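Analysis of the macromolecular model
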Amino acid sequence: MAIQDILAHVDNTDSGAARLALSVELAKQHDAHLRLLLVQGDSQGSVEAYVEAIKARFEGQVSGLSTEWIVVGVNQKVHSTVDQMVWHARHSDLVVVGQSHPNSGSHALKKVEERLMLEGGRPVLVVPYVGQTRAGANRVMVAWNNSRESVRAVNDAIPLMQRADSVSLLALLSQHEDPSQVKNSCEDMIRHLKRHGIEAETQYLTVKEIDAGNVLLSCLADESINLLVMGGYGHHRFRELVLGGVTREILEHMTVPVLMSH
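Residues numbered from 1 in each chain as written. Predicted model: local features only at pLDDT ≥ 70, side-chain atom pairs only at ≥ 80, totals over all residues. Heavy atoms only, no water.

**Overview of the overall build of the protein**
For the protein, the count of helices and strands is nine helices and twelve strands. Counting across all 262 residues of the protein, residues that qualify as buried make up 50%. A fraction of 80% describes how many contacts in the protein between residues 6 or more apart in sequence connect residues 24 or more apart. Approximately 12,400 Å² of the protein is accessible, and the part contributed by carbon and sulfur atoms is 47%. (Helix = DSSP H or I, 4+ residues; strand = E, 2+ residues; numbered from the N terminus. Buried < 20%, exposed > 50% of the residue type's maximum accessible area, 1.4 Å probe, protein only. Contact = heavy atoms within 4.5 Å. Areas by Shrake-Rupley, 256 points an atom, 1.4 Å probe, with all protein chains shown as cover.)

So this is what it looks like as structure tokens:
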């Protein structure tokens, strides 16, 4: 899959600026069209003034790129703000969005990264509100378990991994799991990635299921990883988002960008 169309949510904050810088670099690397999505709910005052302030702040960064500005929000009565974001996400190759800040208080964007991941049908690159946000992603780690979601995430991340200096598949084995089956799946995926020009290595760790998220976060720090690739696990029923434990742990405590596919 080539990345030709990137949708990035931007706002007039420092974390929004870092998110835009990453999106711009990705657009340059992949010669992609960049759609900059603004949310009316982010604004203080009139929508027109907010949009102009955003454009004035960031116009120089996107100069020379193929770009367009999209405004969604509460004044468009047909759908909620996040519904509109999901709509635009479905017509993109990659969606870039920020990690929800626990103190943001933005009801319009509540759990936006979770809904985009579960409903958008496209890979979502979640950028932490603190920590590394470099676009280079020269050290990539894949959280691998041979699930459908994990397979989707790896294949969605191929264009990013092709530019990396190192790629590792980390298999977190449960204490009750047959390690030979997981190792066979890792070896097959290593061969698949090699056909795409990606030289990857494998790592295996046996962990208690309850500790898997913390172990993964520790591995990211210990190995100076700057992009995590993983399947996003969960479902969306009765207007309630239910995520798997590891997915929830990573989304709440991430310190590097995470590419998730569901």
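**Description of the environment of Leu-38**
Along the chain, the position of Leu-38 falls in strand S2 (residues 33-39). Separated by 13 residues in sequence, Leu-38 and Val-51 have C-alpha atoms that sit 7.4 Å apart. Setting aside its immediate chain neighbours within four residues, Leu-38 contacts Val-10, Val-51, Ile-54, Trp-69, Ile-70, Val-71 and Val-72.

**Considering the pattern of salt bridges**
Overall, the coordinates contain nine salt bridges when judged by the stated rule. We note a salt bridge from Arg-19 to Asp-11, for which the minimum N-O separation is 3.0 Å. The exposure classification of Arg-19 matches that of Asp-11, with both residues buried. A salt bridge links Glu-119 to Arg-115; the shortest N-O distance between them is 2.9 Å. With Glu-119 and Arg-115 both in helix H4 (residues 112-119) and four residues apart, the pair spans about one turn of that helix. We classify Arg-115 as buried; its relative accessible area is 16%. (Salt bridge = Lys/Arg side-chain N within 4 Å of Asp/Glu carboxyl O.)

**Looking at the pairing of strand S6 (residues 139-144)**
Burial analysis of S6 places five of its six residues in the buried class, which makes it a mostly covered element. As paired elements, S6 and strand S7 (residues 166-173) share six bridges and run parallel to each other. Bridged to Met-141 within S7 is Ser-168. Where S6 and strand S9 (residues 227-231) come together, three bridges link them in parallel fashion. In the sheet register, Val-142 faces S9, and the bridge partner there is Val-229. (Pairing = 2+ DSSP bridges.)

**What to know about the nonpolar core**
In terms of nonpolar packing, the biggest core is built from 50 residues, with Leu-34, Met-161 and Leu-193 touching the most fellow members. The residues touching Leu-193, leaving out its near neighbours within four places in the chain, are Val-154, Ile-158, Met-161, Leu-169, Ile-198 and Ala-200. The next biggest cluster of nonpolar side chains, apart from the first, holds 33 residues, and it includes Val-39, Val-82, Ala-89 and Ala-143. (Core = buried A, V, L, I, M, F, W, Y, C linked by side-chain atoms within 4.5 Å.)

**Comments concerning the packing of aromatic side chains**
Inspection of the entire model under this criterion finds zero aromatic pairs. In this arrangement the basic side chain of Lys-183 is found over the ring face of Tyr-204, its NZ or CZ atom lying 5.2 Å from the centre. (Phe/Tyr/Trp six-rings, centres within 6.5 Å; stacked < 30°, edge-to-face > 60°. Lys NZ or Arg CZ within 6 Å of the ring centre and 35° of its normal.)

**Digging into the pairing of S7**
The side chains of a regular strand alternate between both faces of the sheet. With six of eight residues buried, S7 lies mostly within the body of the structure. Judged from the seven bridges that link them, S7 and strand S8 (residues 200-206) form a sheet pairing that is parallel. Its bridge partner lying in S8, Ala-171 is registered against Tyr-204. One crossover worth recording links S7 to the parallel S8 by way of helix H7 (residues 179-195), and it is right-handed. (Right-handed = clockwise from strand over helix to strand, strands pointing away.)

**Brief notes about the confidence of the model for the protein**
For the protein, per-residue confidence averages 85 on the pLDDT scale, and 85% of positions sit at 70 or higher. No element of the protein has a lower mean pLDDT than strand S11 (residues 240-243), at 51, and none a higher one than strand S1 (residues 5-9), at 97. (pLDDT = per-residue confidence, 0-100.)

**Describing the side chain of Ser-23**
Inspection of the secondary structure assignment puts Ser-23 in helix H1 (residues 14-30). The class of Ser-23 is buried, set by a relative accessible area of 0%. Among the polar contacts made by the side chain of Ser-23, one reaches the main-chain carbonyl oxygen of Arg-19 at a distance of 2.9 Å. With residues near it in sequence (within four places) discarded, Ser-23 still touches Ile-6, Ala-8, Leu-34 and Val-96. (Polar contact = N/O pair within 3.5 Å; in protein donor to acceptor, adjacent residues only side chain to side chain.)

**Brief notes about the side chain of Ser-261**
By the secondary structure assignment, Ser-261 is in strand S12 (residues 258-261). Looking at Ser-261, the relative accessible area reads 0%, which means it is buried. Dropping the residues within four chain positions of it, Ser-261 is found in contact with Pro-123, Glu-149, Arg-152, Ala-153, Asp-156, Met-230, Gly-231 and Gly-232.

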